[in-house]
Protein chains: 2
Amino acid sequence: MVGMATRRIQSSEESRRLLVTAAAELFADRGYRQTSFIEIADRAGISRGSIPWHFGNKLGLLKAVIDDQLDAVLAAAAPSANDRSGDPFDQVMAFIRLPVTRLFITLLAEAVEVGSPIREHYARLHTALRDAARARISAEALPPGTTQEAFAVVLVGTLIGVHAQWRVAPDAVDLRAVQAALRALLPAGLIEM
Amino acid sequence: MVGMATRRIQSSEESRRLLVTAAAELFADRGYRQTSFIEIADRAGISRGSIPWHFGNKLGLLKAVIDDQLDAVLAAAAPSANDRSGDPFDQVMAFIRLPVTRLFITLLAEAVEVGSPIREHYARLHTALRDAARARISAEALPPGTTQEAFAVVLVGTLIGVHAQWRVAPDAVDLRAVQAALRALLPAGLIEM
C-alpha cells in the first residue's frame, strides 16, 4: 500500500512537471493568451482534466511556469557549491542561451499590455531577480549616492537587455565579450560572487 | 501654382506622419501582426488606400515606425546643443517614460518568434542603437580585454532591461536612482558625453 501511494505521488509530480514544461514551451512560442489548456495537455501527453486539478486555472499554471524559470535562473546565478572558482556569469550566459528563456520576452509583451492579467505574476519574477541581485551587492562597496536596489535594477536590466539583443541577432552579440565587459565594469567588491 | 504644389506636398507629409504615429500606437497596443491597414488608416483619419502609396506594404510602414522611434531615441541620447551641461541620461530616461516606447517590447516579442517577418527590421533598430552607443565609448579608456562593441551591448542592454522592469512595475523601479547608479558604474572617461 505504501508503495502504491508513493507511485501515485511520483506519477502526479511527473504529470505536473510535464505540464509545466509543455506550458513553458508553448507560452514561449505563442504567448500566454494564445495558448489553451487543450494544447498544453496534448503536448504534455496528459489528460486535459488534470490541469485544473494541478494548477487551478491558467494563471495558476503560469505561476508554476514562472516559479520554475525563476528557480532555474537563480540556480544558474548561484556559485556552484562544488566549484567556488566558477564564474556565475558563465551560468547566467548559458541560461540566456536556452530556447525556453525566450519565454521571458514573450510573456513580457503580454505583461505590459494595458489591463494585463499576467502583469502581477510577471512583476514578481522581476522582483525575485532583483532581490537575488541585491543580496549579492555589497552595501560597504556602494558608491556614494547610490543604493543596492538601484544596482539590482541595473544588473537585472543588463541581463534582460543583453538577452533581448542576443535573441534578436545571435550572430551580432558576442556573449563572451559581453561577459568580459561586465566583469570590467563592476567595481571589485561591489558584487559578492 | 507653386503654392498649391507646396500645400499638396505638406499635406502628403502630414498624412505620412499621421499614419506613422497611428501605426506606432497600434503596434504598441496589440503588436504588428494583429494590426491591420484599415485600423491604422481609421485611427489616423486618412484614406485607407494611401498606406500602400506611402509605405508599399505593412513591413514598409513598420520600417518607417522603427526609423521614427530610432530618431527619437537618438535625439534623446544626444547632448543638447543648447545645454552641453545637460545629462543625456535625463533625456533617455524621459524617452523610456513615453507611452509609445512600449512599442519596443511589443515588437520585440514578435521579432524573436521563429520565422518572424519583422526580425530583420527589429535587428536594425538594435544595431543602430549599439552603433550610437559605440560612437560614445572611448577606445583609449577601454579596460584591457574588452571591446567598444561589447560595452555598446551592455549599455544598450541596460537601457532595454531597465525599461522592461519599469514598464512592468513603474512603482518598483526608481529611474532617478538607476540613473545615479549607472553614472557611478561607468568609469570616468569611458563614455564621452
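The rules we used
- Residues numbered from 1 in each chain as written.
- Chains lettered and ligands numbered in written order.
- Predicted model: local features only at pLDDT ≥ 70, side-chain atom pairs only at ≥ 80, totals over all residues.
- Heavy atoms only, no water.
- Least-squares fit on C-alpha atoms with pLDDT ≥ 70 in both.
- Contact = heavy atoms within 4.5 Å.
- Helix = DSSP H or I, 4+ residues; strand = E, 2+ residues; numbered from the N terminus.
- Expected span 1.5 Å × (residues − 1).
- Buried < 20%, exposed > 50% of the residue type's maximum accessible area, 1.4 Å probe, protein only.
- Buried area = accessible area lost by both parts, 1.4 Å probe.
- Salt bridge = Lys/Arg side-chain N within 4 Å of Asp/Glu carboxyl O.
- Polar contact = N/O pair within 3.5 Å; in protein donor to acceptor, adjacent residues only side chain to side chain.
- Nonpolar A, V, L, I, M, F, W, Y, C, P; charged D, E, K, R; others polar.
- 1 Å grid on protein atoms, 1.4 Å probe; cavity = no way out; pocket = protein on both sides within 12 Å on 5 of 7 lines; lining within 4 Å.
- Points joined across faces, edges and corners; volume = space filled by probe spheres on them.
- Phe/Tyr/Trp six-rings, centres within 6.5 Å; stacked < 30°, edge-to-face > 60°.
- Lys NZ or Arg CZ within 6 Å of the ring centre and 35° of its normal.
- UniProt positions renumbered as here; feature names shortened; annotations may be inferred.

J.: Let's hear about the relation of the copies chain B and chain A: which residues, and what values?
T.: With an RMSD of 0.0 Å, the fit of chain B onto chain A corresponds to turning through 180 degrees and sliding 0.0 Å along the axis. The superposition of one copy onto the other is thereby described by a two-fold rotation axis. The residues that chain B uses at the interface reappear at the interface of chain A in 100% of cases, marking a shared surface.

J.: So, helix α7 (residues 119-136) of chain B: which residues are in play, and what are the values?
T.: The end-to-end C-alpha distance of α7(B) is 26 Å, a good match for the 26 Å that 18 residues give at a rise of 1.5 Å each. Buried within α7(B) we find H121(B), Y122(B), A123(B), L125(B), H126(B), A128(B), L129(B), R130(B), A133(B) and R136(B). Buried residues along α7(B) sit against α8 (148-168) of chain A together with α4 (58-77), α5 (88-97), α6 (103-111) and α8 (148-168) of chain B.

J.: Summarise the interface of chain B and chain A; cite the residues concerned and give the values.
T.: Listed by partner, the interface residues are 45 residues for chain B and 45 residues for chain A. Here chain B meets chain A over a buried area of about 3,600 Å², counting both sides, of which 74% is carbon and sulfur. The three residues of chain B that bury the most area against chain A are Q165(B), V168(B) and L185(B), which together make up 20% of that side's buried surface. Counting every contact that joins chain B to chain A gives zero salt bridges. Viewed at the interface, chain A and chain B are joined by 11 residue pairs in polar contact (both at pLDDT 80 or more). The element best represented in the side of chain B that touches chain A is α8(B), accounting for 15 residues. Taken together, the residues of the side of chain B that touches chain A break down into 30 nonpolar, eight polar and seven charged.

J.: Break down empty space enclosed by the protein for me, citing the residues and quoting the values.
T.: Tallying each qualifying case throughout the model produces two cavities of 30 Å³ or more. The space that makes up the largest cavity amounts to roughly 100 Å³. In terms of lining residues, the largest cavity is bounded by 15 residues, among which T158(A), L185(A), V154(B), T158(B) and L185(B) are the most central. Among the elements of the structure, α8 and α9 (175-185) of chain A together with α8 and α9 (175-185) of chain B are those that each provide at least two residues to the lining of the largest cavity. Here the lining of the largest cavity takes four residues from α8(B), the largest share from any one element. A breakdown of the residues in the lining of the largest cavity according to their chemical character gives 13 nonpolar, two polar and no charged.

J.: Let's hear about the environment of R48(B): which residues, and what values?
T.: Residue and element names in this part refer to chain B. Secondary-structure assignment places R48 in the loop between α2 (37-44) and α3 (50-55). It is 6.0 Å that separates the C-alpha atoms of R48 and I38, two residues lying 10 residues apart in sequence. Excluding its chain neighbours within four sequence positions, the residues that come into contact with R48 are I38, A41 and D42.

J.: Describe the packing of aromatic side chains, listing the residues and the values that go with them.
T.: In the structure shown here, the tally under the stated rule is four aromatic pairs over all chains. Sitting over the ring of Y32(A), K58(A) keeps its end group 4.5 Å from the ring centre.

J.: Help me get a handle on the pattern of salt bridges, residues and values and all.
T.: This structure, assessed with the given rule, holds 24 salt bridges over all chains. Residue E25(A) pairs with R43(A) through a salt bridge whose shortest N-O separation is 2.7 Å. Residue E25(A) is found in helix α1 (residues 2-30), and its partner R43(A) is found in helix α2 (residues 37-44); the two are separated by 18 residues along the sequence. Salt-bridge contacts for E39(B) lead to R30(B); the nearest nitrogen and oxygen are separated by 2.3 Å. Since its relative accessible area comes to 27%, E39(B) is described here as partly exposed. Judged by its relative accessible area of 35%, R30(B) is partly exposed.

J.: Tell me about the UniProt feature "domain: HTH tetR-type" (unreviewed entry) in chain A, and please be specific about residues and values.
T.: Residues annotated by UniProt as "domain: HTH tetR-type" (unreviewed entry) correspond here to residues 13-73 of chain A. Along residues 13-73 of chain A, the helical share is 79% and the strand share 0%, with 21 Å between the first and last C-alpha atoms.

J.: So, the side chain of H121(B): which residues are in play, and what are the values?
T.: Note that H121(B) resides in helix α7. Those residues within four positions of H121(B) in sequence are excluded, and the remaining contacts are L59(B), L62(B), K63(B) and I66(B).

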